[in-house]
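Topology and contacts: notes
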Amino acid sequence: MGRYVIRRLLQMIPVFIGTTLLIFLMVNVMGDPTAALCGDKACDPATQAALREQFHLDKPLVQQYLIYLGNIFQGDFGTAFNGDSVSDLMLRAYPVTIKLTFVAIVFEIVIGIGLGVITGLRRGKPIDTGVLVLTLVVISVPTFVTGLVAQLLFGMQWGIVKPSVAYEAPLSELILPGLVLASVSLAYVTRLTRTSVAENARSDYVRTAVAKGLPRRRIIWRHLLRNSLIPVVTFIGTDIGALMGGAIVTERIFNIRGVGYQLYQGILHQSSPTVVGFVTVLVIVFLLANLIVDLLYAVLDPRIRYA
Amino acid sequence: MPEPVTPVTVEAQLTPGAPEGGGAEGPARSLWSDAWRSLRRNPVFIVSALIILFLVIVAIWPQLLASGDPNDCDLAHGQDTSSSGHPFGYDAQGCDVYTRTVYGARASITVGVCATAGVALLGGILGALAGFFGRWADALLSRVADIFFGIPVILGGLVLLSVVTSTTVWPVVGFIVLLGWPQISRIARGSVITVKENDYVHAARTLGASNSRILLRHILPNAIAPVIVVATIALGTYIALEATLSFLGVGLKPPAVSWGIDISNAAPYIRNAPHMLLYPAGALALTVLAFIMLGDAVRDALDPKLR
Amino acid sequence: MRLGLRTGALAAALVLAVPWLASCGATATESGVVRAKWGDPQNPLEPANTNEVNGGKVLDMIFRGLKLYNPDTAEPEYAVAKSISSDDAQNFKVTLKDGWKFADGTKVTSQSFVDAWNYAAYLPNAQIGADFFGYIDGYDKVHPDKGKPTAKKLSGLKVVDDTHFTVKLNQKFSLFPDMLGYAAFSPLPKKFFTDHDAWLEKPFGNGPYEVTDYERGGRMKLRLNDQYNGTKPRNKGVDLLVYTDDNTAYTDVVAGQLDVTDAVPAEQLSNLHKDIDNRYINTPAGIIQTLMFPMYDKEWATADALKVRRGISLAINREQITDKIFQKTRIPAKDWTSPVLRDEGGYNPDICGDRCEYNPKKAKQLIDEGGGFPGGRLVLSYNADTGNHKQWIDAICNSVNRVMGNSKACVGNPVGTFADFRTQIQSGKFSGPFRSGWQMDYPLIQNFLQPVYTTGAPSNDGKWSDKRFDALINKANADPDPKSAIKDFQDSERILAEQLPAIPLWYQNGTAVYGTRVHDVKLNPFSVPVFEEMTVND
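Cut-offs applied
- Residues numbered from 1 in each chain as written.
- Chains lettered and ligands numbered in written order.
- Predicted model: local features only at pLDDT ≥ 70, side-chain atom pairs only at ≥ 80, totals over all residues.
- Helix = DSSP H or I, 4+ residues; strand = E, 2+ residues; numbered from the N terminus.
- Buried ≥ 20, exposed ≤ 12 C-beta atoms within 10 Å, placed from the backbone.
- Contact = placed C-beta atoms within 7 Å.
- Pairing = 2+ DSSP bridges.
- Axes fitted to C-alpha atoms, helices over the stretch in contact; angles between N-to-C directions.
- Parallel < 35°, antiparallel > 145°, perpendicular 65-115°, else oblique.
- Left-handed = near helix turned anticlockwise from the far one by under 90°.
- UniProt positions renumbered as here; feature names shortened; annotations may be inferred.
- Nonpolar A, V, L, I, M, F, W, Y, C, P; charged D, E, K, R; others polar.
- pLDDT = per-residue confidence, 0-100.
- Expected span 1.5 Å × (residues − 1).

Topic: the overall build of chain B
- Within chain B, the regular secondary structure consists of 12 helices and 0 strands.
- Overall, chain B shows an N-to-C arrangement of helices and strands of α-α-α-α-α-α-α-α-α-α-α-α.
- Across the 307 residues in chain B, those meeting the buried criterion constitute 60%.
- Partitioning the intrachain contacts of chain B with sequence separation of at least 6 by distance along the chain shows that 73% fall at a separation of at least 24.

This is the structure in structure tokens:
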């Protein structure tokens, strides 16, 4: 297993280089970011040239990339156009986003798997239909609206929570945003668990366990659920990355200045240091999450061994 | 104008992998024909097929249901609720919500169904190969998936779609497939990894079955359930994603009509004019419901334990 | 092993979770301090390097220039300057008042101004507001159009002594002193030059407030500057809190988490009475929105196209759009300036008059006479990333479509990013009209016309050129009598009304809502809250 993990970690190197290069090229293809710096007027050409020089945009693309890569190896992720260092931005944004993602994943695990097991065991019963209706609502109403309505009801109407999250983003204030963020993923987790549980409930080993007279709870937890979790775990693994980078809407509504927000701003302002820095860290998060998921496969199903 | 959705596209979505399984090998035919026989008798399938048929007809001939012009808007009626001749009321621009909901079906269903079919095929095949062969094939395909997964949708959209001048929905479909396959591929991979350790797979291998036969005959039917679940829910999110892209100016070119665009236009008015959101979101929910039911039925039909 | 892995993961999760759970401290509200909505500044907070409202808000609070615009009337009044005089509208003598100091206790002298202006104009400093100094003699040496600068300092600036300096312009410009309330002309302390990085960490100037704490991307705390020589603010300070969404800021004001927001989403305006009572401000600001035509495109520059341009102006139902979409936070425009200039300053709604009024019949007639829209379809370009322009662009198109009786006669063309939008404008890629707006830098009619419509001007995006117009602007600038100068400016505006290189759409108001804790809230003509006059009731 140790060798497998080391091999997987070594694979990060080509992925790192591939990602930085690809994202760097993509941001550069978008055009000249200095065009936006003077607002609704054209910068005079001399100033614009001076700005380009300041941000190394006057150099050939390959050279820009190498300068950037060289700086990364010295721990310097560059600066955004407003003079903020990207390392500082990441140090501020990632902890907040990790907390938010943590809350969302906890909701996915507790509510998603819970509802999935219940509906999987009671297919076609009223509770199954009820959860299906909720699923449809969550998919067809945009997060923007779910978030806004939650904010209005809990924050403004009933005053249970503050409508927006403070700068320090304490965990207690992230519960509502975390639920909103998790809502669409909840639909996936619930239905994946439901399908898996329903399928495995008819399998031989469950019948055997029932025939042996094992207590119902033990059958569900030890036999049924464990064997049903692989697709769910896979999904949650892919979702960690998606939640961290794609929480733009939720972060906006609750005024959380996390990764999604910074990444979005970076893209709109075409600040390649910001975008490349944030995406690279995100890709490393995917890789780690995927590695953990692969290791969990073996925990959940002993027949699976690391190749 | 987007090309009309033909029933054939839906059919392809309905039985993923059917052409390979049905055409290439003799014995495989019986599995799929078995499945088809049990499908036809399943009321869930019949209901979902009827809904989908209805939606497809609306997508092809919207004028059957609505006589107006979806882009004929009079601001004087902006946000008005239902009145005679305008059962769903008006949106913020004073367009008739009913007409727009009917006409929005074409773009939304084309994007949803085709992007889902593409993602499921591409992601499903690559994921199954990665899971089945393991080792370097897995390493290569999974790491490529990681890099693609790392591209932020907004950046990808602004870079790849802003250069497109086509006024059809196909660039959007292609874009969603390009960025969407890694998720399905991971689900398929995880599923195949579990299934390939089953006794019947080992038995088939010992009997000298070829790789393609094992994959198609033994693994695919047992591994497909999670892919179907994720794909049916993703269908709804892709329809919404089209709106995000259109809003950024890189999706469907104005004056396109789609549910996604109308939902995102209506979202800010949720407090004052919820009717603007209700109908397009309801249409989206109906579509997702039909495909979730269809997915359930197909999955049941493929499950040998049910026979 | 399996058990070990699981317990380990659980333990790790707990260890990680505990410190977060413990850190549930909310920020307490400080008594006497106003909490106001803010956004991340786009550029480092140097006075001549800031051209947007968030950075500008801070500069207004921490700096005082030679002049200050009256928050009610926009009238330029002396602040740090005792007098600015000239005999020939080209050579100006500036006299400073005594007793002004920066927050670090150093004196504000003539040198503070001259150094700041030289810094701003010097090309290698890449200040985006450098062109404001283009009137000063010697600008072409420190900021040449091409190549390296041949001088470091503007030859037109001469320090006489601590309280006197002279400014020589490279052309006659009688209204020059009235420009000097703009933030780019602020004085700078020595520390700005000697320890630039430290200054940027915590910028300070000679204004009523100083920055005491700045958490980038989060909040800025401003407290009273003891050294301030003007009227003391009526509160103890201002906390600027960064909001990424206007609607969230609005909700926070309703819920009492925030005191003032100066950006109210139009969709919420119909909920005002139940959310906020009458704690709502909607006052004119120096912002006008227009549709600019690509006059660089031959098809738009013909005599027929003029008819089409006039037709389009008549086809837009401004009243209805400002009512329905903007809920009266914008006012149909009738000239190319702004009502905040008032009649004395040159605002005159008769200049566009009925050419800017909805007239569907005549509109269709004119467009048809002109041969229809060049290219067969009216395509309106805008940037989709900021500002929510889609709504009103769609509304304009629907208005035009109804006039033309064709639901596809006009379409919007969203462009993904503002940078791309600007690039396409600068390279002359748009073949149809595009969104254009002007927010005044200083309240002079000259500022609404010269930078936008003279030949080759930085914001003349349509590349329209008219010799008569340029001549009238030059004549007005050189006129030593401000009253007759304004007449000339208005005459030049009449050429705009005749040629319509851009259609006036509406004047944008400043809007704000505020909570129960604060009183005496108002917006200045730049739509920025007047923080010094706010009182807090704890």
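After that view, the rundown keeps rolling.
Quick look at the overall build of chain A
- Secondary structure assignment for chain A yields 13 helices and 0 strands.
- Across the 307 residues in chain A, those meeting the buried criterion constitute 52%.
- Long-range pairs, those at least 24 residues apart, make up 73% of the contacts in chain A with a sequence separation of at least 6.

Quick word on the sheet that holds strand E7 (residues 164-168) of chain C
All names here are of chain C.
- An order of E4-E5-E7-E6 is seen for the 4 strands of this open sheet, with the pairing classed as antiparallel. The open sheet has two free edges, formed respectively by strand E4 (81-86) and strand E6 (157-161), since each of these has just one partner strand. The average undirected angle you get between the axes of adjacent strands in this sheet is 20°.
- Pairing geometry for E4 and strand E5 (residues 91-96), over 5 bridges, is antiparallel. Bridging from a neighbouring strand, Ser 83 pairs with Thr 95 of E5.

Some words on the packing of helix H6 (residues 135-150) of chain B against helix H8 (residues 170-195) of chain B
Residue and element names in this part refer to chain B.
- At a minimum axis separation of 8 Å, H6 and H8 run at an interaxial angle of 135°. In terms of axis orientation, H6 runs oblique to H8. The crossing of H6 and H8 is left-handed. In contact with Ala 145, Phe 148 and Phe 149 of H6, H8 contributes Leu 179, Pro 182, Ser 185 and Arg 186.

So, the environment of C:Ile288
Residues and elements named next belong to chain C.
- Tracing the chain through its elements places Ile 288 in strand E12 (residues 280-292).
- Spatially, the C-alpha atom of Ile 288 lies 9.6 Å from that of Pro 339, the residues being 51 residues apart in sequence.
- For Ile 288, the contacting residues outside a window of four places in its chain are Ala 333, Trp 336, Thr 337, Ser 338, Gly 437, Trp 438, Pro 504 and Tyr 507.

Describing the UniProt feature "transmembrane region" (unreviewed entry) in chain A
All names here are of chain A.
- In this structure's numbering, the residues bearing the UniProt feature "transmembrane region" (unreviewed entry) are residues 12-31, 96-118, 130-154, 174-193, 224-249 and 275-300.
- End C-alpha to end C-alpha, residues 130-154 measures 23 Å, and it is 92% helix and 0% strand.
- In the segment residues 224-249, helix accounts for 92% and strand for 0%; the C-alpha atoms at its two ends are 36 Å apart.

Focus on the UniProt feature "transmembrane region" (unreviewed entry) in chain B
- Under the present numbering, the feature "transmembrane region" (unreviewed entry) in UniProt falls on residues 44-61, 109-132, 144-163, 219-241 and 277-298 of chain B.
- Segment residues 109-132 of chain B splits into 100% helix and 0% strand. End C-alpha atoms: 33 Å apart.

Considering the interface of chain C and chain B
- The partner chain B presents 21 residues to the 21 residues of chain C that form the contact.
- Elements with a minimum of two residues in the side of chain C that touches chain B: helix H11 (318-324), helix H14 (389-404) and strand E15 (410-415) of chain C.
- It is H14(C) that provides the largest number of residues to the side of chain C that touches chain B, a total of 5 residues.
- Along the lines of polarity and charge, the residues of the side of chain C that touches chain B split into 7 nonpolar, 9 polar and 5 charged.

Section: the UniProt feature "domain: ABC transmembrane type-1" (unreviewed entry) in chain A
- Sites flagged by UniProt as "domain: ABC transmembrane type-1" (unreviewed entry) map to residues 94-297 of chain A.
- Between the C-alpha atoms that bound residues 94-297 of chain A there is a distance of 28 Å. The span itself is 81% helix and 0% strand.

Here's the deal with the pairing of strand E9 (residues 219-224) of chain C
Residue and element names in this part refer to chain C.
- Two elements, strand E8 (residues 209-215) and E9, share 6 bridges in a ladder whose sense is antiparallel. Residue pairing across strands places Val 211 opposite Leu 222, the latter belonging to E9.
- Where E8 hands over to E9, the hairpin turn is made up of 3 residues, of which Gly 217 adopts a positive phi near 75°.
- Judged from the 5 bridges that link them, E9 and strand E10 (residues 237-242) form a sheet pairing that is antiparallel. Bridge pairing links Arg 223 to Gly 237 in E10.

A few points about the environment of A:Ile17
- In this structure, A:Ile17 sits in helix H2 (residues 12-29).
- Accessibility expressed as a C-beta count within 10 Å gives 12 for A:Ile17, which makes it exposed.

Quick word on the interface of chain A and chain C
- Contacts between the two partners involve 48 residues from chain A, matched on the other side by 54 residues from chain C.
- The set of elements that each furnish at least two residues to the side of chain A that touches chain C consists of helix H3 (45-54), helix H5 (86-121), helix H7 (143-157), helix H11 (248-253) and helix H12 (259-268) of chain A.
- The element best represented in the side of chain A that touches chain C is H3(A), accounting for 6 residues.

Focus on the packing of helix H11 (residues 259-266) of chain B against helix H12 (residues 275-302) of chain B
Residues and elements named next belong to chain B.
- Contact geometry of H11 with H12 gives a least axis separation of 9 Å together with a crossing angle of 145°. Between H11 and H12 the crossing geometry is left-handed. Contacts from Trp 259, Asp 262, Ile 263 and Ala 266 in H11 reach Met 276, Leu 277, Pro 280, Ala 281, Ala 283 and Leu 284 in H12.
- Of the residues contributing to the contact of H11 with H12, the split by class is 9 nonpolar, no polar and 1 charged.

Notes on unusual backbone geometry
- The omega torsion across B:Pro254 and B:Pro255 is 0°, close enough to zero to call that bond cis.
- If you trace the backbone, B:Pro255 turns up in the loop between helix H10 (211-247) and H11.
- Although it is not a glycine, A:Gln270 sits at a positive phi angle of roughly 55°.
- Along the chain, the position of A:Gln270 falls in the loop between H12 and helix H13 (272-300).

Observations concerning the confidence of the model for chain A
- Scored by pLDDT, chain A has a mean of 88; 99% of the residues are at 70 or more.
- Confidence, read as mean pLDDT per element, is least for helix H9 (residues 204-211) of chain A in chain A (83) and greatest for H5(A) (92).

Focus: the confidence of the model for chain B
All names here are of chain B.
- A residue-level look at chain B finds 89% of positions with pLDDT of 70 or above and a mean pLDDT of 84.
- Here residues 1-28 scores under 50 on pLDDT; set against residues more than four positions off or in separate chains, the count is 47 contacts.
- Scored as a complex, the prediction yields pTM 0.88 and ipTM 0.88.

Structural notes on helix H18 (residues 482-499) of chain C
All names here are of chain C.
- Here H18 contains 18 residues, and its C-alpha end-to-end distance of 26 Å stays within 8% of the 26 Å for a straight helix at 1.5 Å per residue.
- Along H18, the residues that are buried comprise Ala 485, Ile 486, Asp 488, Phe 489, Gln 490, Ser 492, Glu 493 and Leu 496.
- Against helix H16 (445-453) and helix H17 (467-478) lie the buried residues of H18.
- Leu 500 lies just past H18 and shows a positive phi near 45°.

Description of the UniProt feature "domain: ABC transmembrane type-1" (unreviewed entry) in chain B
- Per the UniProt entry, the sites bearing "domain: ABC transmembrane type-1" (unreviewed entry) are residues 105-295 of chain B in this numbering.
- Taken end to end, residues 105-295 of chain B has its terminal C-alpha atoms 20 Å apart, with 81% of it in helix and 0% in strand.

Quick notes on the environment of C:Tyr453
All names here are of chain C.
- By the secondary structure assignment, Tyr 453 is in helix H16.
- Classification of Tyr 453 by C-beta neighbours within 10 Å gives buried; the count is 26.
- Sequence separation between Tyr 453 and Asn 383 is 70 residues, and the spatial gap between their C-alpha atoms is 21 Å.
- Not counting residues up to four positions away in its chain, the partners in contact with Tyr 453 are Asn 460, Trp 464, Phe 469, Leu 496 and Pro 501.

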